[in-house]
Amino acid sequence: MRPAVPRVLASRMAMTASSRAPQASGSSDSERSPFVRLNELLAPHQPGKPLITLAVGEPQHPVPDFVGPVLAKHTADFGRYPMNQGTEPFRKAASAWLSSRFKLPRPLDPASELLVLNGSREGLFLAAITAARYVSPRPGKPAILMPNPFYPVYGAGARAAACEPVYLPTTVENGFLPDLDAIDEATLARTVAFYLASPANPQGSVAKPDYFERLKQLADRYGFVILSDECYSEIYTREAPGSALECAGPDFTRVVAFQSLSKRSNLPGLRVGFAAGDKKFIGMFLELRNIAAPQVPVPLQHVATVAYGDEAHVEENRRLYRIKFDLADQIIGNRYGYRRPDGGFCVWLNTSELGDDVSITLRLFKEAGVRVVPGSYLARLQPDGFNPGAGYIRLALVQDGETTAQALHRLVETLG
């Protein structure tokens, strides 16, 4: 049965050309940054009230107190080139954190199963190229699978790896996770890698152990790599999300998890994360990163080492997000299909009954001074013309509680 959103949108000829752009065109609007497109959409207009931006997922909570002193202590280390593998203290700290946070089959070897990244984004991009080298030859055009909507770097990585991006719609009907049973065998046979975000961006859905296990069975059967984007794993208000590594088997074969301090530690500007898992993949990944990747400054790795050894600031971070989701529960209520997400800090609202998502975004900016992202900008058209993000708007609850409450009240007053 077709989801309700497409039926509603099909009757609206006012849908913008940008959200109807064909997915196959590399130069189409649909392939561009959603935030650049948003800037262009709003540029001719002025906010109707003092601007509150809930568009970019840039955490605004205070930077942890230890950051300044650690940087000051290690300033001299800016005077040397970092190794791409990462410092030994960082790799040990990240590996120890993984073992304490998740129920892993065994501790990862920090020397061979973990690499520092210049933020998880560059790692997720280059991982697609590594995956194309890692797998055996594919029958037909190599493919990289990803949820739809999705983090744009997944599509960019697929194209850089000369693979076909295959978009798997994530809708309310399938719990906002790719339907593994809907993927045909011919597609699986030519799959190089499968990007999965859990908690998902933008919907906040979380994959349970049985989902990871089923995906791992497919990876083993067809020989592709699971690229598990887990950068939101530490932002939750109830049950802690799991990791694909927990279901990866004793050697973590064909599974690589990506982590970042941007969300966990409220350090988006630090640009430190890591990849961990399959030893063979990590070795090939390091070879590529040695010649193609940005290095991570050693002082920043010292900060990251301390961050992965401290949970107090992470717990405080979660407390602040919990307050804001409590506000969302109260202010939004049951409007717009709202549900408290299982993880992450985004709210995914179905406003299709009120108009298309681009028009709603423009209205909120012009009337309420609230900046959000149209869901159609975060997704791509499926072969049948269905955009799974259309009819939705995404809010990132990154501002302080008072500002968030004000923005949510304005949204409800404007949309009704």
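Residues numbered from 1 in each chain as written. Predicted model: local features only at pLDDT ≥ 70, side-chain atom pairs only at ≥ 80, totals over all residues. Heavy atoms only, no water.

## Side note on empty space enclosed by the protein
1) Next: All chains considered together, the criterion is met by one cavity of 30 Å³ or more.
2) Next: The volume enclosed by the largest cavity comes to roughly 30 Å³.
3) Next: Taken together, Tyr236, Thr237, Phe325, Arg340, Pro341, Asp342, Gly343 and Gly344 make up the lining of the largest cavity.
4) Next: Residues that form the lining of the largest cavity fall into these classes: three nonpolar, three polar and two charged. (1 Å grid on protein atoms, 1.4 Å probe; cavity = no way out; pocket = protein on both sides within 12 Å on 5 of 7 lines; lining within 4 Å. Points joined across faces, edges and corners; volume = space filled by probe spheres on them. Nonpolar A, V, L, I, M, F, W, Y, C, P; charged D, E, K, R; others polar.)

## Overview of the UniProt feature "domain: Aminotransferase class I/classII large" (unreviewed entry) in the chain
1) Next: Sites flagged by UniProt as "domain: Aminotransferase class I/classII large" (unreviewed entry) map to residues 50-395.
2) Next: The span residues 50-395 shows a helical share of 36% and a strand share of 16%, and its end C-alpha atoms are spaced 17 Å apart. (UniProt positions renumbered as here; feature names shortened; annotations may be inferred. Helix = DSSP H or I, 4+ residues; strand = E, 2+ residues; numbered from the N terminus.)

## Brief notes about the confidence of the model for the chain
1) Next: For the chain, per-residue confidence averages 92 on the pLDDT scale, and 93% of positions sit at 70 or higher.
2) Next: Within the model, pLDDT remains below 50 along residues 1-27, and this stretch shows 55 contacts once partners closer than five positions in the same chain are excluded. (pLDDT = per-residue confidence, 0-100. Contact = heavy atoms within 4.5 Å.)

## Observations concerning unusual backbone geometry
1) Next: Cis geometry marks the peptide bond from Asn148 to Pro149; its omega dihedral reads 10°.
2) Next: Looking at where Pro149 falls in the secondary structure, it is placed in the loop between strand 3 (143-148) and helix 6 (153-160).
3) Next: Following Asn201, the chain continues into Pro202 via a peptide bond in cis, with omega recorded as 25°.
4) Next: A positive phi angle, near 60°, is found at Ala162, a position not held by glycine.
5) Next: Among the secondary structure elements, Ala162 is positioned in the loop between helix 6 and strand 4 (164-169).

## Describing the packing of aromatic side chains
1) Next: Following the criterion strictly, the structure yields 17 aromatic pairs and no others.
2) Next: Centroid distance Phe150 to Tyr154: 6.3 Å. Interplanar angle 20°. Geometry classified as stacked.
3) Next: Measuring from centroid to centroid gives 4.4 Å for Tyr154 and Tyr195, while their planes differ by 10°, and the two rings are stacked. Here Tyr195 lies in strand 5 (residues 191-197) and Tyr154 lies in helix 6, a separation of 41 residues in the sequence. With respect to burial, Tyr154 and Tyr195 carry one shared label: buried.
4) Next: Within the aromatic cluster, the residues linked to one another by ring pairs are Phe90, Trp97, Phe102, Phe274 and Tyr308.
5) Next: Here the guanidinium or amino end of Arg37 rests over the ring plane of Tyr377, the centre of that ring lying 3.9 Å away. (Phe/Tyr/Trp six-rings, centres within 6.5 Å; stacked < 30°, edge-to-face > 60°. Buried < 20%, exposed > 50% of the residue type's maximum accessible area, 1.4 Å probe, protein only. Lys NZ or Arg CZ within 6 Å of the ring centre and 35° of its normal.)

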